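Residues per chain are reported as follows:
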Amino acid sequence: MDIKTLLQQDLEREFSLTHTALARVPEAHFSWKPHEKSASLGQLASHIATLPRFIMIILQEPEIDFAQAPPRRPEPPESQAALLHTFSEWKQQVLQAIQATDEKHLLQDWATRNGDTIILKGKRIQVIRWFSLHHLIHHRAELIVYLRLLNVSVPGLYGPSADEPPAWMLTK
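Residues numbered from 1 in each chain as written. Predicted model: local features only at pLDDT ≥ 70, side-chain atom pairs only at ≥ 80, totals over all residues. Heavy atoms only, no water.

Q: Break down the side chain of D65 for me, citing the residues and quoting the values.
A: Relative to the helices and strands, D65 resides in strand β1 (residues 63-65). No salt bridge is formed by the buried D65. Its closest oppositely charged neighbour is R113, at 5.2 Å. A polar atom in the side chain of D65 sits 2.9 Å from the backbone nitrogen of A67. At 2.7 Å, the side chain of D65 forms a polar contact with the backbone nitrogen of G115. Non-local contacts of D65, meaning those with residues more than four positions away in its chain, are made with R113, N114 and G115. (Helix = DSSP H or I, 4+ residues; strand = E, 2+ residues; numbered from the N terminus. Buried < 20%, exposed > 50% of the residue type's maximum accessible area, 1.4 Å probe, protein only. Lys, Arg positive; Asp, Glu negative; His and termini not counted. Salt bridge = Lys/Arg side-chain N within 4 Å of Asp/Glu carboxyl O. Polar contact = N/O pair within 3.5 Å; in protein donor to acceptor, adjacent residues only side chain to side chain. Contact = heavy atoms within 4.5 Å.)

Q: Which residues make up the pattern of salt bridges, and what values go with them?
A: In total, this model carries 6 salt bridges according to the counting rule given. For E14, the salt bridge is made with R140, and the minimal N-O distance between the two is 2.8 Å. Of the two residues, E14 sits in helix α1 (residues 3-22) while R140 sits in helix α6 (residues 124-149), which places them 126 residues apart along the sequence. Here D163 ties to R148 by a salt bridge, and the two come within 3.0 Å at their closest N and O atoms. Linking D163 in the loop between α6 and α7 (167-170) with R148 in helix α6, this pair joins segments that are 15 residues apart in sequence. By relative accessible area, which is 34% here, R148 ends up partly exposed.

Q: Just give me the short version of the packing of helix α3 (residues 52-60) against α6, but keep the residues and values in it.
A: One can describe the packing of α3 onto α6 by two numbers: an axis separation of 10 Å at closest approach and a directional angle of 160°. In terms of orientation, α3 and α6 fall into the roughly antiparallel class. Seen from above, α3 lies across α6 with right-handed handedness. In this structure, α3 contributes F54, I55, I58, L59 and Q60 to the contact, and α6 contributes R124, V127, I128, F131 and S132. By residue class, the composition of the contact of α3 with α6 is 7 nonpolar, 2 polar and 1 charged. (Axes fitted to C-alpha atoms, helices over the stretch in contact; angles between N-to-C directions. Parallel < 35°, antiparallel > 145°, perpendicular 65-115°, else oblique. Left-handed = near helix turned anticlockwise from the far one by under 90°. Nonpolar A, V, L, I, M, F, W, Y, C, P; charged D, E, K, R; others polar.)

Q: Outline the pairing of strand β3 (residues 117-123), listing residues and values.
A: Bridge analysis of strand β2 (residues 109-114) against β3 gives 6 bridges, and the strand direction is antiparallel. Residue pairing across strands places T112 opposite L120, the latter belonging to β3. The loop that links β2 with its antiparallel partner β3 comprises 2 residues; one of these, G115, has a positive phi angle of about 65°. (Pairing = 2+ DSSP bridges.)

Q: Requested: an account of α1, with residues and values cited.
A: Here α1 is 20 residues long and its end C-alpha atoms lie 28 Å apart, about the 28 Å a rise of 1.5 Å per residue gives. Along α1, the positions that sit buried rather than exposed are K4, L7, Q8, L11, E14, F15, L17, T18, A21 and L22. Its buried side turned inward, α1 meets α2 (41-50), α3, α4 (80-100), α5 (103-106) and α6. With a side-chain oxygen positioned 3.1 Å from the backbone nitrogen of K4, the residue opening α1 is D2. (Expected span 1.5 Å × (residues − 1).)

Q: Give me the lowdown on the sheet that holds β1, citing residues and values where you can.
A: Remark on secondary structure: sheet strands pair via backbone hydrogen bonds, oriented parallel or antiparallel. Read from one edge of the open sheet, 3 strands run β1-β2-β3, paired in mixed fashion. In the strand order of this sheet, the two ends are held by β1 and β3, each with one partner. Direction aside, the axes of adjacent strands within the sheet are offset by 10° on average. Each of β2 and β3 touches α6; the most contacted strand, β3, lies at about 120° to it.

This is how it looks when you write it as structure tokens:
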């Protein structure tokens, strides 16, 4: 199996799990924060929903320089439906872009920088995994903690949660 197929499979699986988590975000609590230093639930969910755009940048640009385009905290979504729509749109764009690319492109060097400071450097495929996919998984875990603190049913993603078994255990 080639690396592009492996990447696609990773993305499809993690995107599916992320959709499951985002679908639990209660619109009524978008402004809720677990701590004064934390992002609000809506900001965190919006960040997660738009994280796949970094994959598009990695695929389309030679690098990203945060000195030129500093990251900013996302605005909460307008609604739960808008949140899921945004995520679905980015997911679709990414999967189509991965399908259209080739292994040679994925193996080109790519960098994340802040001016002259290199933050992360590697092959495009590595940076997609490190900077985007693992970043997505990290924030999705934060989202699960937020949901637990709000007493929202937590989905079983990789294994059973205290609220429900994962989908793979239900299909027998």
